[in-house]
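# Observations on the model geometry
In case you want the letters, here they are:
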There are 2 protein chains.
Amino acid sequence: MDHNEFRYRRVEKQITTLIESAAIKPGDRLPSLRKLSGQLGVSISTVSQAYLELEKKGVIASRERSGFFLSPSAGRMPAPASRPRPALVPTSSSRSGLIQKVLEALGNRDLLPFGVVCPADELLPAKTLARLFSNSLRNDPARALNYAPVAGEDDLRRQLALRALEAGISVTPEEILITSGAMEGLAIALRALTKPGDNVLIQSPSYFCFLQLLENCGLRAIEIPSSGDGIDPRDVRRAIERFEIRAAILVPNFNNPDGSLTADTRKEEIVRLLGERGIPLVEDDVYGEIYFGAERSRCCKSFDDAGEVIYCSSFSKTIAPGYRVGWMIPGRHYGKALDLKTTTNICTASPNQMAIAAFLREGYFERHMRRLRGAIHNQMKALLLSLHRHFPAETRAGFPSGGAAIWVELPPDIDAVDYFFKAREAGIGLAPGPIFSTQDKYNNFIRLSCNGIWNEKMEQGVKTLGRLAEEMY
Amino acid sequence: MDHNEFRYRRVEKQITTLIESAAIKPGDRLPSLRKLSGQLGVSISTVSQAYLELEKKGVIASRERSGFFLSPSAGRMPAPASRPRPALVPTSSSRSGLIQKVLEALGNRDLLPFGVVCPADELLPAKTLARLFSNSLRNDPARALNYAPVAGEDDLRRQLALRALEAGISVTPEEILITSGAMEGLAIALRALTKPGDNVLIQSPSYFCFLQLLENCGLRAIEIPSSGDGIDPRDVRRAIERFEIRAAILVPNFNNPDGSLTADTRKEEIVRLLGERGIPLVEDDVYGEIYFGAERSRCCKSFDDAGEVIYCSSFSKTIAPGYRVGWMIPGRHYGKALDLKTTTNICTASPNQMAIAAFLREGYFERHMRRLRGAIHNQMKALLLSLHRHFPAETRAGFPSGGAAIWVELPPDIDAVDYFFKAREAGIGLAPGPIFSTQDKYNNFIRLSCNGIWNEKMEQGVKTLGRLAEEMY
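Cut-offs used in this document
Residues numbered from 1 in each chain as written. Chains lettered and ligands numbered in written order. Predicted model: local features only at pLDDT ≥ 70, side-chain atom pairs only at ≥ 80, totals over all residues. Heavy atoms only, no water. Helix = DSSP H or I, 4+ residues; strand = E, 2+ residues; numbered from the N terminus. Rg over C-alpha atoms; globule rule 2.2 N^0.38 Å. Buried < 20%, exposed > 50% of the residue type's maximum accessible area, 1.4 Å probe, protein only. Phe/Tyr/Trp six-rings, centres within 6.5 Å; stacked < 30°, edge-to-face > 60°. Pairing = 2+ DSSP bridges. Contact = heavy atoms within 4.5 Å. Axes fitted to C-alpha atoms, helices over the stretch in contact; angles between N-to-C directions. Salt bridge = Lys/Arg side-chain N within 4 Å of Asp/Glu carboxyl O.

## Digging into the overall build of chain A
Looking only at helices and strands, chain A features 16 helices and 16 strands. Taken over C-alpha atoms, the radius of gyration comes to 23 Å for chain A, in line with the 23 Å a tight globule of 473 residues would show. In terms of its C-alpha atoms, chain A occupies a principal-axis envelope of roughly 75 × 55 × 40 Å. The proportion of buried residues among the 473 residues of chain A is 63%.

## Quick notes on the packing of aromatic side chains
Remark: the centre distance and the inter-plane angle together describe each pair of aromatic rings, the angle taken between the planes. The tally for this structure, following the rule as stated, stands at 25 aromatic pairs over all chains. Judged by centre distance (5.0 Å) and plane angle (40 degrees), the rings of Phe315(A) and Trp327(A) are tilted. Placement of the pair is Phe315(A) in the loop between strand E10 (309-314) and strand E11 (326-329) and Trp327(A) in strand E11, with a sequence separation of twelve residues. Aromatic pair Phe315(B) and Phe365(B): ring centres 5.9 Å apart, planes at 85 degrees, arrangement edge-to-face. One end of the pair, Phe315(B), is in the loop between strand E10 (309-314) and strand E11 (326-329); the other, Phe365(B), is in helix H14 (residues 364-390), with 50 residues separating them in the sequence. By the ring-pair criterion, three or more aromatic residues cluster together here, those being Tyr207(A), Phe208(A), Phe210(A), Trp407(A), Phe436(A), Tyr442(A) and Phe445(A).

## So, the sheet that holds strand E8 (residues 247-250) of chain B
Residues and elements named next belong to chain B. Pairing is mixed in the open sheet, where eight strands are placed in the order E4-E11-E10-E9-E8-E5-E6-E7. Two strands lie at the open edges of the sheet, namely strand E4 (177-179) and strand E7 (230-231), each paired on one side alone. In the sheet, strand E5 (residues 199-204) pairs with E8 via three bridges, with the strands oriented parallel. In the strand pairing of E8, Ile202 is matched with Ile249.

## Considerations on the sheet that holds strand E4 (residues 177-179) of chain A
Strand pairing in a sheet is mediated by backbone hydrogen bonds. Such pairs are either parallel or antiparallel. All names here are of chain A. Strands sit in the order E4-E11-E10-E9-E8-E5-E6-E7 across an open sheet of eight strands; the sheet is mixed. Every interior strand has two partners, whereas the edge strands, E4 and strand E7 (230-231), have only one. Relative to E10, strand E9 (residues 281-284) runs parallel, the two sharing four bridges. Note that in E10 the partner of Leu281 across the bridge is Val309. Across the sheet, helix H10 (residues 233-242) lies against strand E5 (199-204), strand E6 (220-227) and E7, angled at about 160 degrees from E6, the strand it touches most.

## Details of the pattern of salt bridges
For the structure shown, the criterion picks out 54 salt bridges over all chains. By sharing partners, the salt bridges in this structure join Arg163(A), Asp285(A), Glu289(A), Arg296(A), Glu366(A) and Arg373(A) into a single network.

Structure, rendered in structure tokens:
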């Protein structure tokens, strides 16, 4: 990208931000070339080029002698209105077949990456991590080659105890257990807490691997709605009054797939409600660091005095999915979790833990996250504008305040599983709604993930997806 | 080690080998200095120095004007005679507390390493692996940072399919599933095959993590004896005729802790017996590559036509315990195993798989293993001689033809758990017998592991252990 291209793209983004913030409304006149050039301190030709780009994308339109106007169709999409409420009944999941197919597609790097939820290669700190990793292997070969302690490398546990403060959690390194990704922590937590046949409270929609995990553990799901505001404590109360529930798995910070954020006051209330009945809460916070607002939200674990919240997180959505390093804070279930970690795989890979500990210790994490949050936020805005341009008018999508995916409601006639297969044929990855519930639900929903890089190929991809939707509609 | 020291140590080893091979018997006269110097092509002073070293260790004794004689006490120890036969009843294990204490001691690098079973740092290919690892991170950063396919990196699976031929197994790469160590494969296999309350056939003694795994899965153990000849098919038949058994976990090649090898003809018979009743066999082959004879033994999997044998192995006992890379060949249980791998931790760490694939592809593995096998074999001989010198006469120990541990029977009065704690206080790691059975058994047995390096500190350690045994006796 040459210097000039960089400048007009930046202007283009600034205008997009104005549109997103609703400062400019559909039909509004945009500032004149001269005015904007003065305000932004760039040349008139740069502004002109940015306007032409936006016109090409259909975001703005020029009227002769009157300047540029925001297209009537541009701007925010309404959030999904007809969110199907899950039935409050225990259900066994059995979607493994479909989920394996989706997982294969998600792992396929030839597909446009609206399927897999993890940062684009360009945004991962490859060079720094490779350097730190190589240093660990070279400088401390014995430690890198040998088994780590079952609970994890001390250095990493110390760094994580420090970082936990950001999420409002005060723990010692000894209370932290390193896992091979957050999924392993969740699996260990469920195995520590439940036995086959038990009921487990989950959000609806919920990450499909949770459902697969419940199925593999012989557990039944009690689904409560996850709306734009996250989890409503009244739904939790209703469920625990009606059913004997052994544990809950919730994602209060930017639930996957709907990106909903549960407010801190609600978190506190949920911890209290579950605590009163002695129901342990497994909290998945893998998206907690990907917030678009001014600061990080707290975690349920930060309201937990009884040690009944098992906190799980990882570095898979932030710096290195493939390193498989996560952690859990199992509270009073620590002993059982440690025991289960031993028979899961003895310990998590040593050099991977050392590399990530160095990344945290040397202060790279915060800097990296600032960049990543900005990138994902920007891409999410671009994706929403693009959806608006290319999708049938009845399409609905919220705009989450964090996370890395958009939950899209297609017109009701469109079958999301058919749509998934058609998109895959067209070279585009996405996740179909029905895999996010144990019930027959979200049949016209899809999850589109944001990896933090927006480009012309993605714009074309969304156009293709829009055309597919029009055809099936 | 200067050149001269290297020479006499080599001579010392050659003499030790002669003793071990029983070519020289206790009481025999050793070759004269002049004769041996001629035979080995070294100076008389080198042979003299070797003899003096052996004399210092009490292996040989000099008689004035008559030369050197093998001490009456040197040479092989009798194998354990009073192997307690396990009772043929289903038992639930509940030794987690003791096992966690032992595991902590095994992980303690300040202790003399007779506890943990993995090669000494000096024998691990640290430099080569570090270089290959760094190359992978640098040359293919996107692949190294991202999720691997659930089933594993294609390149590694191809290399493993090639190596499987050595063990008599003919598979395609697509039949292989990468796991984070063999333990993960065993855990996945058991979860795929059983439900809580089921009976599982195991050897007695058995690796303590198996027992912990059975306990964590709510399974009951049926123990059949593991003698110097490994598993007797008649014991398998007796067990499966008497009990409803859901699965077997066996270690036909160098069972941990007793190092027993089950002959290939017996393996074939066991596969047939279990197959007739449709009982799946989980085969742990982590020690299969550490053989002291001319060639590798076959695996049960190589006799499996029905796909009912789930083969598990890893690189933890050969090149890199801390990388956590293993694999399984689940046969007809592949789909279920893949599903369970997903909810265990999505996939095994990518760069670790890439580094090990490169190690195999570039031909380092075979060269490394030749060196490692020789080193462990030599240390095992030295350890046995040392045991003989320092332990009470009633002590018994076999000499396995592979693996990396010696199973020692102390005089009957000695409580191995007390002994473990006393040895730990003296700075020496070891594993006490009772953790290797769900029954009250092996109370006077210990496992001493061989990491491939013998040195004066170890000699002193065995001396201390011998004194402890004498004191408790």
